[in-house]
Amino acid sequence: MKKKIFSLAIALSAFIGVNAQEWTVPIIGEDISTISESTELYMYNVKADAFACAGMSWGTHAIVKELQNGDNKLSADVHKCTISRSNNLVQISLNGRQWLGGGGPASTNDCWVDHGSNNQYSYSEVNTNTYKLKPTTATNDSYLDCSWAYGGHITFSATNGYGNTEWAFVKRENITNGKYLLYKAKKEMYDIYAAVVEAGHDDTYSDALSIANSAYTSASATAETVKAATKVLLSEVAPALTQ
């Protein structure tokens, strides 16, 4: 098995080329300050790996959930989003409905998408093109969040949140053209790399990390090539992550 894994690693390395290691957090979203108000977007919760939409029985509650038809397909525009900016604040509309709002003080209530109150949000960058969104009506340090680990109601971090406060705005074409799939594959590899570094074993596994990094940074990378390289990397560094 070890020989087979090593052979696959060599084949991958030959296919994608060898380069100096450079690891940066993968990016899928757009720069919120430059997005046109007419651009069709999808509001992505990074930690929950789910997209915002209008849902529940009346279709007026703001929720996040996975894409309906797989990670490279869209259906019925249920996740469609647009934004409006004014004075470094944004308003967010889901699926052509009213703006993303709340049922009272935005620091303590879930969000609705109907004719109720509208929220404006200030935004602060967490990583490149990934943001925390704070409603201007918040009475404390509370950010837009969702209620469960993998989705659920859109709510606020001060009371009902799960800590999923990182959001990105993804263009439609970057889902249908496979870039979202590639982003997810890179994120899986990056998380393994970060875990090896945190465990203090990046020097021990420098060769395996270098081969994986070649796949990670290749201009011709696809979700499939990155997933294959991630499988090899995980097999090599597993001892460092299980001690």
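Placed above this text is the structure.
Right, let's walk through the structure included here.

### Describing the overall build of the chain
Step number 1: Per the secondary structure count, the chain includes five helices and 12 strands.
Step number 2: Here the chain holds 243 residues, and the buried ones make up 45% of them.
Step number 3: Once local pairs closer than 6 in sequence are excluded, the contacts in the chain between residues at least 24 apart make up 63%.
Step number 4: Roughly 11900 Å² of accessible area belongs to the chain as shown, and the carbon and sulfur atoms make up 49% of that amount.

### Considering the side chain of threonine 230
Step number 1: Mapped onto the fold, threonine 230 is located in helix α5 (residues 223-242).
Step number 2: Separated by 2.7 Å, the side chain of threonine 230 and the backbone oxygen of valine 226 make a polar contact.
Step number 3: Here threonine 230 is in contact with Ala185, Glu188, Met189 and Ile192, once residues within four sequence places are set aside.

### Some words on the pairing of strand β5 (residues 89-94)
Step number 1: Most of β5 sits inside the fold, with six of its six residues counted as buried.
Step number 2: Residues Leu89, Gln91 and Ser93 of β5 are buried on one face, and the alternating residues Val90, Ile92 and Leu94, pointing to the opposite face, are buried as well.
Step number 3: In the sheet, β5 pairs with strand β8 (residues 121-127) via two bridges, with the strands oriented antiparallel. Counterpart to leucine 89 in the pairing with β8 is serine 122.

### Looking at the nonpolar core
Step number 1: If you look at the biggest cluster of nonpolar residues, it comprises 27 residues, and the most contacted ones within it are Met43, Ile92, Leu100, Tyr121, Leu133, Leu144 and Phe169.
Step number 2: In this structure, Met189, Leu209, Ala215 and Ala229 belong to the second largest nonpolar core, which totals 21 residues.

### Here we look at the environment of alanine 208
Step number 1: Among the structural elements, alanine 208 can be located in helix α4 (residues 206-217).
Step number 2: Residue class for alanine 208 comes out buried when judged on its relative accessible area of 17%.
Step number 3: In this structure, the C-alpha to C-alpha distance between alanine 208 and serine 235, residues 27 residues apart in sequence, is 9.6 Å.

### A short note on the packing of aromatic side chains
Step number 1: The final tally for this structure, using the stated rule, is 10 aromatic pairs.
Step number 2: Between tyrosine 123 and tyrosine 131, the aromatic rings sit 5.8 Å apart at their centres with planes inclined by 85°, giving edge-to-face as the arrangement.
Step number 3: Residue classification places tyrosine 131 among the buried residues on the basis of a relative accessible area of 3%.
Step number 4: Among the aromatic side chains, those forming a connected cluster through ring pairs are Trp23, Tyr190, Tyr193 and Tyr216.
Step number 5: The ring of tyrosine 143 has lysine 132 sitting right over it, with the charged end atom 4.9 Å from the ring centre.
Step number 6: The ring of tyrosine 216 has lysine 186 sitting right over it, with the charged end atom 5.4 Å from the ring centre.

Conventions used here
Residues numbered from 1 in each chain as written. Predicted model: local features only at pLDDT ≥ 70, side-chain atom pairs only at ≥ 80, totals over all residues. Heavy atoms only, no water. Helix = DSSP H or I, 4+ residues; strand = E, 2+ residues; numbered from the N terminus. Buried < 20%, exposed > 50% of the residue type's maximum accessible area, 1.4 Å probe, protein only. Contact = heavy atoms within 4.5 Å. Areas by Shrake-Rupley, 256 points an atom, 1.4 Å probe, with all protein chains shown as cover. Polar contact = N/O pair within 3.5 Å; in protein donor to acceptor, adjacent residues only side chain to side chain. Pairing = 2+ DSSP bridges. Core = buried A, V, L, I, M, F, W, Y, C linked by side-chain atoms within 4.5 Å. Phe/Tyr/Trp six-rings, centres within 6.5 Å; stacked < 30°, edge-to-face > 60°. Lys NZ or Arg CZ within 6 Å of the ring centre and 35° of its normal.

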